Amino acid sequence: KVALLNWTQQKIDSRIRKRKWAKSLKEAVNKIDFSEILVLREFPLNGQQSLDMPIDDPVVAGMLNKGILYQLSSMGQMSREGMMMPVAINNLIADQITAEFLDLPRTEPNQNEIDKILNARPDWAKSVTARKANRWY
């Protein structure tokens, strides 16, 4: 009986911790700053659910620590932008990350809007894009 009670208590405690963590994660998203929004914009801009990002970048590292982003693998590669690892947006908050939340236009953007969005990208994202565009193969 004692083992059953301990097991039940552990399950209840686990559920309570998960709910509290999910609530704190959703609250963290509501307090997100503009540099973090720029990182999250990279997902729709690249049309991908996961991206290689420099986990040693202070903004990306902070988002990983908060649980907004999570690392998909321990395999990565060093580049001039930093230690690039595959990351994704936490599924618990994915529904909150809308075009409106990211301050992206809902309709087809005009050239002025496109330029403004592309110029606001994080430096590491601009560097990766430029490097990929300059490949010879």
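Below: a short report on this structure. Owing to the predicted nature of the structure, the values given are computational and were not obtained by experimental measurement.

1. Describing the overall build of the chain
Along the chain, the regular secondary structure elements total 5 helices and 4 strands. When the elements of the chain are put in sequence order from the N terminus, they spell out α-α-β-α-β-β-β-α-α. Taking 14 Å as the expected radius of gyration for a compact globule of 137 residues, we find that the chain reaches 19 Å, considerably beyond that expectation. Counting the 137 residues in the chain, one finds 31% classified as buried. When the accessible surface of the chain is totalled, it reaches about 9,600 Å², and 53% of it is carbon and sulfur. For the chain, the distance from the average position of its 20 positive side-chain charges to the average position of its 16 negative side-chain charges is 11 Å.

2. Brief notes about the layout of surface pockets
By volume, the largest pocket is sized at about 290 Å³. Around the largest pocket sit 17 residues that line it, and Leu51, Asp52, Met84, Val128 and Lys132 are the ones nearest its centre. Here the lining of the largest pocket gets 6 residues from one element, more than from any other, and that element is helix H5 (residues 123-133). A volume near 220 Å³ is recorded for the second largest pocket. Around the second largest pocket, the lining comprises 15 residues; the ones closest to its centre are Phe43, Gln48, Gln49, Ile89 and Ala94. Those elements that place two or more of their residues in the lining of the second largest pocket are helix H2 (34-46) and strand S4 (82-89). Across the lining of the second largest pocket, the residue classes tally to 11 nonpolar, 4 polar and no charged.

3. Examining the packing of H2 against helix H3 (residues 58-66)
Contact pair H2 / H3: the axes reach a minimum separation of 10 Å and the direction vectors enclose 85°. Here H2 is positioned roughly perpendicular relative to H3, judged by the angle of their axes. Residue-level inspection shows Ser35, Glu36, Val39 and Leu40 of H2 in contact with H3, the latter providing Val59, Val60, Met63 and Lys66. Here the residues of the contact of H2 with H3 sort into 5 nonpolar, 1 polar and 2 charged.

4. Comments concerning the nonpolar core
Leu40, Phe43, Met53, Ile68 and Leu69 are the most contacted members of the largest nonpolar core, which has 22 residues in total. Sorting the residues of this core by element identifies helix H1 (2-30), H2, strand S1 (50-54), H3, S4 and H5 as the ones contributing at least two each. Looking at this core, the element that brings in the most residues is H2, giving 4 residues.

5. Some details on the pattern of salt bridges
A full pass over the atoms with the stated rule returns 5 salt bridges. Here Lys66 and Glu36 are joined by a salt bridge, their closest N and O atoms 2.6 Å apart. You can see Lys66 sitting in helix H3 and its partner Glu36 sitting in helix H2, a full 30 residues away along the chain. A residue is classified by how much of its surface remains accessible, and Glu36, at 5% relative accessible area, is buried. Glu81 is the partner of Arg131 in a salt bridge, and the nearest nitrogen-oxygen pair spans 2.5 Å. You can see Arg131 sitting in helix H5 and its partner Glu81 sitting in the loop between strand S3 (77-79) and S4, a full 50 residues away along the chain.

6. Topic: unusual backbone geometry
Even without being glycine, Asp103 reaches a positive phi, approximately 55°. The residue Asp103 is located in the loop between S4 and helix H4 (111-119) in this model.

7. Focus: H1
In this model H1 runs 42 Å from its N-terminal to its C-terminal C-alpha over 29 residues, within 8% of the 42 Å that 1.5 Å per residue would give. Looking at the buried residues of H1, the elements they touch are H3.

Scoring rules and cut-offs
- Counting restarts for each chain, with residues numbered from 1 along the sequence as it is written.
- Side-chain atom pairs in this predicted model are given and counted only at pLDDT of 80 or more, local residue features only at pLDDT of at least 70, and totals for whole chains, interfaces and linings cover all residues.
- Heavy atoms throughout the structure, all of them, feed into the side-chain values; hydrogens and water do not.
- Strands are runs of DSSP state E lasting at least 2 residues, helices are runs of H or I lasting at least 4, and numbering of each runs from the N terminus.
- Each radius of gyration is computed over the set of C-alpha atoms, and the globule rule expresses the reference value as 2.2 Å times the number of residues to the power 0.38.
- Residue burial is assigned from relative accessible area. The probe radius is 1.4 Å, only protein chains are included, and a residue is buried under 20% of its type maximum, exposed over 50%, and partly exposed in between.
- All accessible areas in this document rest on Shrake-Rupley with a 1.4 Å probe, and a residue is counted as covered only by the protein chains that are shown.
- Positive residues here are Lys and Arg, negative ones are Asp and Glu, while His and the chain termini are left out of the count.
- Taken as the charge location is NZ of Lys, CZ of Arg, CG of Asp or CD of Glu.
- With a 1 Å grid spanning the protein atoms alone, the term cavity applies to any set of points in which a 1.4 Å probe fits but cannot get out, the term pocket to an open set with protein on both sides within 12 Å along at least five of seven lines, and the term lining residue to any residue with an atom within 4 Å of a point.
- Grid points are joined across faces, edges and corners, and a volume is the space filled by probe spheres set on the points.
- Here the nonpolar group is Ala, Val, Leu, Ile, Met, Phe, Trp, Tyr, Cys and Pro; Asp, Glu, Lys and Arg are the charged ones; every other residue, Gly included, is treated as polar.
- Axes, fitted as lines to C-alpha atoms, cover a helix only where it is in contact. Angles between the N-to-C directions of the axes lie from 0 to 180 degrees.
- Any angle from 65 to 115 degrees is called roughly perpendicular, while one under 35 is roughly parallel, one over 145 is roughly antiparallel, and all others are oblique.
- Contacts are assigned to residue pairs that have any heavy atoms within 4.5 Å of one another.
- Buried Ala, Val, Leu, Ile, Met, Phe, Trp, Tyr and Cys residues that are joined via side-chain atoms within 4.5 Å together make up what is termed a nonpolar core.
- What makes a salt bridge here is a side-chain nitrogen of Lys or Arg within 4 Å of a carboxyl oxygen of Asp or Glu, nothing more.
- Every helix has an expected span of 1.5 Å times one less than the residues it contains.

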